[in-house]
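Close look at the chain arrangement
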Amino acid sequence: MAVGGRVLTADVSEPTDDVRPWPALFALCLGFFMILVDTTIVTVATPAIIADLHADVNEVVWVTSAYLLAYAVPVLITGRLGDRVGPKKIYMVGLTIFTLASLWCGLTSSVEMLIVARVAQGVGASLMTPQTMAVITRIFPATERGKAMALWGATAGVATLVGPILGGVLVDALGWEWIFFINIPVGLVALVLALRLVPDLPTHSHKFDWLGVALSGLGMFALVFGIQEGHQYDWGTITGPISVWGLIIVGLLILVAFVVWQARNRQEPLVPLGLFRDRNFSVSNFAISTMSFTATAMGFPLMLYLQLVRGMSPTTAALTFVPMALVSIVMAPIVGRYTDRVHPRTLTAAGFAITALAVWWVSLEVRPESALWQILAPMALLGFGMAGIWAPLAATATRNLPPQFAGAGSGVYNATRQVGAVLGAAGIAVLIDSRLAANGLGSGGSPETAGGLPASVFDPFSTAMSQALLLPVAVLALGFLACLFFEQMRHMVVRPAAVEPEVQAAG
């Protein structure tokens, strides 16, 4: 693969005698786990924050939106920064910022200051996330990277479960502040482990693409802000001459200018476009955006149904995700073993097909009279399917990246994942409103009816939530189709046919 006139080699790992990859990965996953938990934990605490800080719903929505924006916008930059300064250093700086910002969040006494503190948290998370994948890429040989990414994927699965449940328990027992205070001891332990276990890897002396930084930052901010806040402003005017669609269009135009500049920059572009000549890297980026879209989108209608129709508390509703998380955790090491041996199309296409089937099954069971097991069964199947997506996609995306572009590639991958989440949140919000209106409820059945819903609207409300869940099913179908275009991996562990003929055949 050629970038800027140079050839990128496929020898992507940097193993040394004094590096212990697995302890280093454990240390990184602890910090990664913490920032993933914080993407979901605040949702459960929203009513408590509204009451304690005398805020309205729109203000509290910004507590999550600010974190999401500050996380998504700089992630391309921070991935490249790890290449230049060193992933361990950038990871530890991000972890320090995130931990201190968590203390700040818990000590705030106004919603405005909480929003500012969440921005700081998001910046810390954006510094950390690309470094986890970059370090995995650089310290694990390509033939074992699938196992490492399996642990990385299991971390995401556990965080999906722990976030809402931990949030509910902490809010009920100690108050909303403790959803942030809990990060302090975890952050300190993660800092010590990273200092002791994560190796200092060689840096690459590159020129920094400041124009690329400016264009990517401005374009991402305008696009993500427009999408994230479009629903709040009814896709109309934000202020004065600025409209939601105008902001989105400006963001897209700036990002087009960014891509043109990356193609013309013959020195050190922020995003080496030559990475996309690897079909597997390109397909993985598109596919992870569809999975991230789904992971974000499906929780909204499901949680509204469980709490407003079934009368569950936030903590009890979150427990319905236990089967998904448990199955995903059990399957992660199994999938990890095969990730290094079989064609990436096999695992990922099967994972997307099973996940789409599971979400469709959930949509069929979103009815007032459904038994609890009728919800838990497809959730367990969902965990089975997702195990074939998260880790195999990450391993396939990074497998052929050379060391000097590990941070850049990880930044692109995580930026794509985060933008997928933003699109999922915006898309499902619009569809929920549309389906509520189509079923005769207008906006009366929205989550702002904190006291619950009258039994007379259980049926139309459930129907609206069921119909909304079909959106992630359609998006998963796009991910499935994309996975059919995966190529054979360059680094495969090929077992003798006499030992594992089915693996040989699958490859």
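Look above for the structure.
Now for a description of the structure that goes with this document. What you are looking at is a predicted structure, and each value in this text was computed from that prediction instead of being measured.

**A word on the packing of helix α4 (residues 75-85) against helix α5 (residues 87-107)**
Running from N to C, α4 and α5 point in directions that differ by 130 degrees, and their axes come no closer than 7 Å. It follows from the interaxial angle that α4 and α5 lie oblique. Seen from α4, the contacting residues are T78, L81, G82 and V85; seen from α5, they are P87, K89 and I90. When grouped by side-chain class, the residues that make up the contact of α4 with α5 number four nonpolar, two polar and one charged.

**Brief notes about the nonpolar core**
Formed by 142 residues in total, the largest nonpolar core has its most connected members in M379, F461 and M465. Filtering out sequence-adjacent residues up to four positions away, M465 remains in contact with P301, L304, Y305, V366, I432 and L436. M331, V342, L347 and A387 belong to the second-largest nonpolar core, a separate cluster that totals five residues.

**Description of the packing of helix α12 (residues 279-297) against helix α21 (residues 470-483)**
Interhelical geometry of α12 versus α21 gives an angle of 165 degrees and a closest axis separation of 9 Å. Taken together, the axes of α12 and α21 are roughly antiparallel relative to one another. Considering the relative orientation of α12 and α21, their crossing is left-handed. Judged by residue contacts, V283, F286, A287, T290, M291, F293 and T294 of α12 engage L471, P472, V475, L476, L478, G479, A482 and C483 from α21. Per-class residue counts for the contact of α12 with α21 are 12 nonpolar, three polar and no charged.

**Brief notes about the packing of aromatic side chains**
In this structure the tally under the stated criterion is six aromatic pairs. Note on Y67 and Y71: the rings are 5.8 Å apart at their centroids and 75 degrees apart in plane angle, and the pair reads as edge-to-face. Taken together, the residues span about one helical turn, with Y67 and Y71 both in helix α3 (residues 57-72) at a distance of four residues. Judged on exposure class, the residue Y67 and its partner Y71 are both buried.

Parameters and conventions
Residues numbered from 1 in each chain as written. Predicted model: local features only at pLDDT ≥ 70, side-chain atom pairs only at ≥ 80, totals over all residues. Heavy atoms only, no water. Axes fitted to C-alpha atoms, helices over the stretch in contact; angles between N-to-C directions. Helix = DSSP H or I, 4+ residues; strand = E, 2+ residues; numbered from the N terminus. Parallel < 35°, antiparallel > 145°, perpendicular 65-115°, else oblique. Contact = heavy atoms within 4.5 Å. Nonpolar A, V, L, I, M, F, W, Y, C, P; charged D, E, K, R; others polar. Core = buried A, V, L, I, M, F, W, Y, C linked by side-chain atoms within 4.5 Å. Buried < 20%, exposed > 50% of the residue type's maximum accessible area, 1.4 Å probe, protein only. Left-handed = near helix turned anticlockwise from the far one by under 90°. Phe/Tyr/Trp six-rings, centres within 6.5 Å; stacked < 30°, edge-to-face > 60°.

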